[in-house]
Amino acid sequence: MAIKVNVDVMLAKRKMQLKELSALTGISNVNLSILKQGKGKAIRFTTLEAICKALDCQPGDILEWEGLS
Amino acid sequence: MRNLKDVLAVVAIIVFTALMPRLFPADMHNVIFAVFIVLVVIFQMCSFSGRSKLSWKRFYTSSFNILTTKNTLKLDFEFDQKTLFEKAKEVLITNGYKNLIIDESRKLILVKERISFKSWGENIYVTILGKDNGNSELVYESVAFQIYTWGKNEDNGTKFLANMEESFII
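Summarised in this report is the structure supplied together with it.

## Notes on the packing of helix α2 (residues 18–25) of chain A against helix α3 (residues 29–36) of chain A
Residue and element names in this part refer to chain A.
- With their axes 9 Å apart at the nearest point, α2 and α3 run at an angle of 115 degrees to one another. α2 and α3 meet at a crossing whose hand is right-handed. Seen from α2, the contacting residues are L18, K19, L21, S22 and T25; seen from α3, they are N29, L32, S33 and K36.
- Split by residue class, the contact of α2 with α3 holds three nonpolar, four polar and two charged.

Written out as structure tokens, the structure is:
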């Protein structure tokens, strides 16, 4: 997929674990894991908002387009 | 009528009912009826005792068991067995199923739907099978404890698989 999900990068930057993010956002561990693997079909704005809020970052820090590289 | 088995079952019941007075002497009718009722009662008693047990799956889902109606749906997913198993549990709970009996080692989930005024209830078996390429297959088997159903069980299965697909929109 041309869109890369950088949740793991942001988690490392914030020194946070997936479990903690799950507790902060209310998104289940399995869903975050799927998102991290880049295997999700789509992402809701509400999910994106919750992750950005918890990690104190912008949507662009989480999603990256790597189409032309 | 959805398939040949249903048509044959209905035809067999009609033909047997029509021919019964000719096939058996009149004094035998009550005996045949009683034997039939006893068999149904024994089956339902077995169903009550074994419904919550995963070990009874083979008995209920066997094609030789003519007293249950089976429905099987399969779908491949590009996820590993563990992730898909967790996802299936989550979707079942989100769908409102409460009585989940889980076997982590066999990656098998049994959902027991209770008996109500409308139905004899059903057992739903969700199995996640791992594949060599790292992907997995979800097998949805529903068993209705009646000889004939009106298609609600099939609808439930289709709905569950649709919800599974939709659950990957996170």
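And the narrative resumes.
## Points about the sheet that holds strand β1 (residues 69–77) of chain B
Residue and element names in this part refer to chain B.
- In spatial order, the strands read β1-β5-β4-β3-β2; together these five strands make up an open sheet with antiparallel pairing. Looking at the sheet topology across the chains shown, the edges are occupied by β1 and β2 (100–103). Each strand of the sheet is rotated relative to its neighbour by a mean of 15 degrees, with strand direction disregarded.
- One ladder, built from five bridges, connects strand β3 (residues 108–112) with strand β4 (residues 122–130); its direction is antiparallel. Each residue of the ladder has a partner; that of L110, found in β4, is Y125.
- Packing of helix α4 (residues 81–94) onto the sheet brings it into contact with β1, β2, β3, β4 and β5 (136–144), and relative to β4 it is tilted by some 160 degrees.

## Digging into the pattern of salt bridges
- Under the counting rule described, the total for this entry stands at seven salt bridges over all chains.
- Across the salt bridge formed by K41 of chain A and E165 of chain B, the nearest N and O atoms sit 3.4 Å from each other. Within this pair, whereas K41 of chain A is found in the loop between α3 and α4 (45–55), its partner E165 of chain B is found in helix α5 (residues 152–166), the two belonging to separate chains.
- A salt bridge links E90 of chain B to K87 of chain B, with the shortest nitrogen-to-oxygen separation between them at 3.2 Å. Placement of both E90 of chain B and K87 of chain B in helix α4 is noted, with a separation of three residues, approximately one turn of the helix.

## Looking at the interface of chain A and chain B
- Between chain A and chain B, the residue contacts involve 14 residues of the former and 13 residues of the latter.
- With both chains or domains summed, chain A and chain B bury close to 1200 Å², and 56% of this area falls on carbon and sulfur atoms.
- Of all residues in chain A, the largest losses of buried area upon contact with chain B belong to V30, K41 and R44 of chain A, amounting jointly to 40% of the total for that side.
- Taken together, chain A and chain B are joined by one salt bridge.
- Class assignment of the residues belonging to the side of chain A that touches chain B gives a composition of six nonpolar, five polar and three charged.

## Considering a nonpolar patch on the surface
- A cluster of nonpolar side chains, contributed by V7, V11, V15, F16, L19 and L23 of chain B, occupies part of the molecular surface with about 480 Å² of accessible area.
- Relative to the helices and strands, V11 of chain B resides in helix α1 (residues 4–23).

Reading the values: rules and limits
Residues numbered from 1 in each chain as written. Chains lettered and ligands numbered in written order. Predicted model: local features only at pLDDT ≥ 70, side-chain atom pairs only at ≥ 80, totals over all residues. Heavy atoms only, no water. Axes fitted to C-alpha atoms, helices over the stretch in contact; angles between N-to-C directions. Helix = DSSP H or I, 4+ residues; strand = E, 2+ residues; numbered from the N terminus. Left-handed = near helix turned anticlockwise from the far one by under 90°. Contact = heavy atoms within 4.5 Å. Nonpolar A, V, L, I, M, F, W, Y, C, P; charged D, E, K, R; others polar. Pairing = 2+ DSSP bridges. Salt bridge = Lys/Arg side-chain N within 4 Å of Asp/Glu carboxyl O. Buried area = accessible area lost by both parts, 1.4 Å probe. Patch = residues over 30% accessible without salt bridge, like charges linked within 9 Å, V, L, I, M, F, W, Y side chains within 5 Å. Areas by Shrake-Rupley, 256 points an atom, 1.4 Å probe, with all protein chains shown as cover.

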